Amino acid sequence: SALGGGCALYYIRDPEESETANGYNTIAMDNGLIAQLIDNGTINVDQYGAYDDGVHDDAAAIQFAISNNLHHTIYFSDKTYALSATLKTWINTPKKTSFILTPTTKLVALNSLNALIEFGGLGGTIQTTSDRRKVFKGGILDATNCDAAIKIAETEGNVEIRECEIININHYGIYMPSPSSVDSAGLIMDGVIMYGIGGDYATYGVYCERPDNEFMNSSIRGCRYAFYFGGEHNTGGQNIINVNGLG
């Protein structure tokens, strides 16, 4: 299964003129031929060379999988992925793009990062239809060394965060700066558990500068502020909050 890891099918072909295998979905063989990953609509990041051992840097392999599979469901195995760079998504995906992690899949930072993942970080055109949503489901995001676990870019909307755990928040769990367009849709957060580092730090579970968000069936603990709502665009709409376990 896609959740099982990097097992995949390839077809063997001659290289095209001046082609260099990228090492992710095209692999150079010793006999000079190219092994081409067969696209079946579901992608596991391990198929693109992620080590998933929590030690080696998996950022480049995962980013390649995200950047080159805009309309796919992208799976992560039940392992730990170490990142030296923020994972970023496109805005103008042609269809809904889903990122599916197991309940114990873990993302950790190898060094200081702005975020573990930034939705819309690769740029593009705002799309507000529901079939173009980004869905991030499952996993444990360790915010140690990160300004935020998840950032939603100024030009991005239509993001759902579901059934995941965000731990060791030392600044932001989810950071949503003021959008560059009032048409930028809000966030759906459902079944998310957050843990801050505690103490007298300026930690926020959700820092939000846009309206029309839904927060459901979640808990936020160990953060000085569970929610912050502000910004010039956070007016004229509503935020629906059904969150237990604040503190």
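The following refers to the structure shown. Counting from 1, residues in each chain are numbered in the order their sequence is written. Local features in this predicted model are restricted to residues whose pLDDT is 70 or higher, and side-chain atom pairs enter the listing and the counts only when it is 80 or higher, whereas totals over whole chains, interfaces and linings include all residues. As a rule here, side-chain values come from all non-hydrogen atoms in the structure, and water together with hydrogens is ignored.

Looking at the overall build of the protein
Alright, step 1. Tallying secondary structure elements over the protein gives 1 helix and 23 strands in all.
Alright, step 2. Accessibility here uses a 1.4 Å probe with only protein chains present; expressed as a share of the type maximum, an area under 20% marks a residue as buried, one over 50% as exposed, and anything in between as partly exposed. Taken across its 247 residues, the protein has 49% of its residues classed as buried.
Alright, step 3. In the protein, the share of contacts with a sequence separation of at least 24, taken over all contacts with a separation of at least 6, comes to 76%.
Alright, step 4. Residue exposure ignores everything except the shown protein chains as possible cover, and the areas themselves are Shrake-Rupley values with a 1.4 Å probe. Surface exposure of the protein reaches about 11000 Å², of which carbon and sulfur atoms provide 47%. Labels follow the DSSP assignment, with helices taken as runs of H or I lasting at least four residues and strands as runs of E lasting at least two, numbered in each case from the N terminus. By the convention used here, residues are in contact when the closest approach between their heavy atoms is within 4.5 Å.

Points about the pattern of salt bridges
Two side chains of opposite charge can pair, provided their charged atoms sit close to one another.
Alright, step 1. Salt bridge, as used here: a side-chain nitrogen of Lys or Arg that lies within 4 Å of a carboxyl oxygen of Asp or Glu. For the structure shown, the criterion picks out 5 salt bridges.
Alright, step 2. With a closest N to O distance of 2.8 Å, Arg 13 and Glu 19 form a salt bridge.
Alright, step 3. Between Glu 160 and Arg 162 there is a salt bridge; the shortest N-O distance is 2.8 Å.
Alright, step 4. We classify Glu 160 as buried; its relative accessible area is 13%.
Alright, step 5. Judged by its relative accessible area of 22%, Arg 162 falls in the partly exposed class.

Quick look at the environment of Asn 145
Alright, step 1. Note on placement: Asn 145 falls in the loop between β13 (140-142) and β14 (146-152).
Alright, step 2. Judged by relative accessible area, which is 39%, Asn 145 ranks as partly exposed.
Alright, step 3. In sequence terms Asn 145 and Leu 110 are 35 residues apart; their C-alpha atoms lie 7.9 Å from each other.
Alright, step 4. Leaving out residues up to four positions away in the same chain, Asn 145 has contacts with Ala 109, Asn 111, Ser 112, Leu 113 and Asn 170.

Let's talk about the sheet that holds strand β1 (residues 10-13)
Alright, step 1. A pair of strands counts as paired when DSSP detects no fewer than two bridges linking them. Reading across from one edge, β1-β3-β2 is the order of the 3 strands in this open sheet, with antiparallel pairing throughout. Taken across any chain shown, the strands that pair with only one partner, and hence form the sheet edges, are β1 and β2 (26-28). Adjacent strand axes in the sheet meet at a mean angle of 25° when their direction is disregarded.
Alright, step 2. Where β1 meets strand β3 (residues 34-37), 4 bridges bridge the pair, whose relative direction is antiparallel. The partner of Tyr 11 across the bridge, within β3, is Gln 36. In this analysis, axes come from line fits to C-alpha atoms, helices being fitted only over the stretch in contact, and the angle between any two N-to-C directions falls in the range 0 to 180 degrees.

Section: the nonpolar core
Alright, step 1. Ile 150, Ile 161, Ile 166 and Ile 174 are the most contacted members of the largest nonpolar core, which has 49 residues in total.
Alright, step 2. Take this core: its biggest share by element is 6 residues, from helix α1 (residues 59-67).
Alright, step 3. The residues contacting Ile 174, other than those within four sequence positions of it, are Ile 150, Ile 152, Ile 161, Ile 166, Leu 187, Met 189, Met 194, Gly 205, Val 206 and Tyr 207.
Alright, step 4. To form a nonpolar core, buried Ala, Val, Leu, Ile, Met, Phe, Trp, Tyr and Cys residues must be joined to one another through side-chain atoms within 4.5 Å. In terms of nonpolar packing, the next biggest core, distinct from the first, is built from 6 residues, Ala 115, Tyr 172, Tyr 175 and Tyr 204 among them.

A word on the environment of Cys 164
Alright, step 1. Note on placement: Cys 164 falls in the loop between β15 (159-162) and β16 (165-169).
Alright, step 2. Residue classification places Cys 164 among the buried positions, given a relative accessible area of 3%.
Alright, step 3. When the C-alpha positions of Cys 164 and Thr 102 are compared, they lie 9.2 Å apart, and in sequence the two are 62 residues distant.
Alright, step 4. Among residues more than four places away in sequence, those in contact with Cys 164 are Gly 138, Gly 139, Gly 191, Val 192 and Ile 193.

Some words on the packing of aromatic side chains
Alright, step 1. The rule is short: rings of Phe, Tyr and Trp, with Trp giving its six-membered ring, pair when the centres are within 6.5 Å, and they are stacked under 30 degrees, edge-to-face over 60, tilted in between. Within the structure shown, the criterion is met by 15 aromatic pairs.
Alright, step 2. Relative to Tyr 207, the ring of Tyr 204 lies with its centre 5.2 Å away and its plane at 90°, an arrangement referred to as edge-to-face. Grouping residues by exposure puts Tyr 204 and Tyr 207 together as buried.
Alright, step 3. Taken together, a centroid distance of 5.0 Å and an interplanar angle of 25° make the contact between Tyr 204 and Tyr 225 stacked. Here Tyr 204 is found in strand β20 (residues 204-208), whereas its partner Tyr 225 is found in strand β22 (residues 225-229), with 21 residues between them in sequence.

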